[in-house]
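Given next are the chains, with one letter for each unit.
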Amino acid sequence: KQWYQRRVRGSNTPRHPNLFDKEVRMWVFEEVVNGQKLSEMINTTHENVKYLPGVKLPDNVVAVTDVVESVKGADILLWVLPHQFVKGICGKINGSIKPGAVSLSCIKGLQDSSELALISSLIQGELGTECSVLMGANIANEVAREEFSEATIGCNDASMCDVYQNLFNTSYFRTTPVQDSQTVELCGALKNIVAVAAGFVDGLGLGGNSKAAIIRIGLREMVAFCKMFCPSSQESTFFESCGVADLITTCYGGRNRKVSEAFVRTGKPLDELEAEMLGGQKLQGPMTAKEVFHVLESKGVTSQYPLFRSVYEICYDGATPKSLIENLGQ
């Protein structure tokens, strides 16, 4: 997802010269691809041949391999890395952030803790920057092809909503701001657990009725989880792109679904399939299932979330994929 977001931002900053600097600095973890450094390929060919081949990035998007250098002087920090690496990056850039800078997280996951701990809270706590979130039904390749997509901005600071919309909105990518940031972020994390369950159903060879049931039960557990841990959650947020729309598209087209289906069909471990199928990208659903299970276990309420619990047990405790259906049918 990170690469299409940089493409959208790179296209938009020149359109609003009174709001944004034209140059968009993008921190890139250096890799060697086909004998060349990835950063050099991006800066010369304006294409990320590993993660988004065939799509040209705007010329004003500049790859930077030093994460500290990438954030210097920036007013807005956009976070798009796998959630397990956030704390380490915060430690590296702490002290180098421009005073008054704000953060926007597109990261879908939670901190592994017995208490609910959002990634936006981690960023805010480590760096002292306000942190909003962007989530939604926007699979990277489709947005890169400029197919119409939506996203939800969870921003509790009304003064920043217009700024973020100017940064992201195009004729094919539309954002809607809501002042319910925690719910937006939780939807983005929790739907990946449901997508894993959807992949198990596909791997078992079950049909559309079963997939629809997984989506419905998953949505019910998402809503219940949000209301339990964020009592201020607004029901309308679940009908934004970050909610039911992202859930549907991820259960049919996302990498969590794809790898989970292969897990059932091949019997290979998830980490092996991740390496084989994702080309360096990370699988977030199983890890989020573990993080959510630990929160639910600490509250003694795992029995109230049979889908979330089953996904955890299949991924980490050796339960069979068929146990998902057995547990939901009880």
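Provided above is the structure to which this section pertains.
Residues numbered from 1 in each chain as written. Predicted model: local features only at pLDDT ≥ 70, side-chain atom pairs only at ≥ 80, totals over all residues. Heavy atoms only, no water.

Caption draft 1: Structural detail: the layout of surface pockets. In this model, the second largest pocket occupies a volume close to 220 Å³. Contributing to the lining of the second largest pocket are 17 residues, with Gln124, Glu130, Cys131, Asn156 and Ser181 lying nearest its centre. Secondary structure elements with two or more residues in the lining of the second largest pocket: α5 (119-127), β7 (131-135), α7 (158-168) and α8 (181-203). When the residues that make up the lining of the second largest pocket are grouped by side-chain class, the tally is six nonpolar, eight polar and three charged. (1 Å grid on protein atoms, 1.4 Å probe; cavity = no way out; pocket = protein on both sides within 12 Å on 5 of 7 lines; lining within 4 Å. Points joined across faces, edges and corners; volume = space filled by probe spheres on them. Helix = DSSP H or I, 4+ residues; strand = E, 2+ residues; numbered from the N terminus. Nonpolar A, V, L, I, M, F, W, Y, C, P; charged D, E, K, R; others polar.)

Caption draft 2: Seen up close, the side chain of Thr183. Structurally, Thr183 is set in helix α8. Exposure remark for Thr183: the relative accessible area of 0% places this residue in the buried category. Looking at Thr183, its side chain comes within polar contact range of the side chain of Ser233, at 2.7 Å. What Thr183 contacts, discounting residues up to four positions off in sequence, is Cys226, Ser233, Gln234, Thr237 and Phe238. (Buried < 20%, exposed > 50% of the residue type's maximum accessible area, 1.4 Å probe, protein only. Polar contact = N/O pair within 3.5 Å; in protein donor to acceptor, adjacent residues only side chain to side chain. Contact = heavy atoms within 4.5 Å.)

Caption draft 3: Examining the packing of helix α11 (residues 255-266) against helix α12 (residues 270-277) more closely. It is at 10 Å that the axes of α11 and α12 come closest, and there the two elements cross at 120 degrees. Classified by the angle their axes make, α11 and α12 are oblique. The handedness of the crossing between α11 and α12 comes out as right-handed. Together, Lys258, Val259, Ala262, Phe263 and Thr266 of α11 and Leu270, Leu273, Glu274 and Met277 of α12 make up the contact between the two elements. Of the residues belonging to the contact of α11 with α12, the class tally is six nonpolar, one polar and two charged. (Axes fitted to C-alpha atoms, helices over the stretch in contact; angles between N-to-C directions. Parallel < 35°, antiparallel > 145°, perpendicular 65-115°, else oblique. Left-handed = near helix turned anticlockwise from the far one by under 90°.)

Caption draft 4: Fine view of α11. With 12 residues, α11 should cover 16 Å at 1.5 Å per step; its first-to-last C-alpha distance of 16 Å lies within 8% of that length. Considered for burial, the residues of α11 that qualify are Asn256, Arg257, Val259, Ser260, Glu261, Ala262, Phe263 and Val264. Those residues of α11 that are buried lie in contact with α8, α9 (208-229), α10 (241-253), α12, α13 (285-299) and α14 (306-316). Gly267, located one to two residues past α11, shows a positive phi value of around 75 degrees. (Expected span 1.5 Å × (residues − 1).)

Caption draft 5: Focus on the pairing of strand β8 (residues 149-154). In terms of burial, β8 is largely enclosed, as five of its six residues are buried. Bridge count between β7 and β8: three bridges; the pairing is antiparallel. Residue pairing in the sheet places Leu134 in a bridge with Ile153 of β8. Two strands pair when backbone bridges link them, and β8 and strand β9 (residues 173-178) are joined in this way by six bridges, in the parallel orientation. Residue pairing in the sheet places Ser149 in a bridge with Phe173 of β9. The β-α-β motif built from β8, the intervening α7 and the parallel element β9 has right-handed crossover chirality. (Pairing = 2+ DSSP bridges. Right-handed = clockwise from strand over helix to strand, strands pointing away.)

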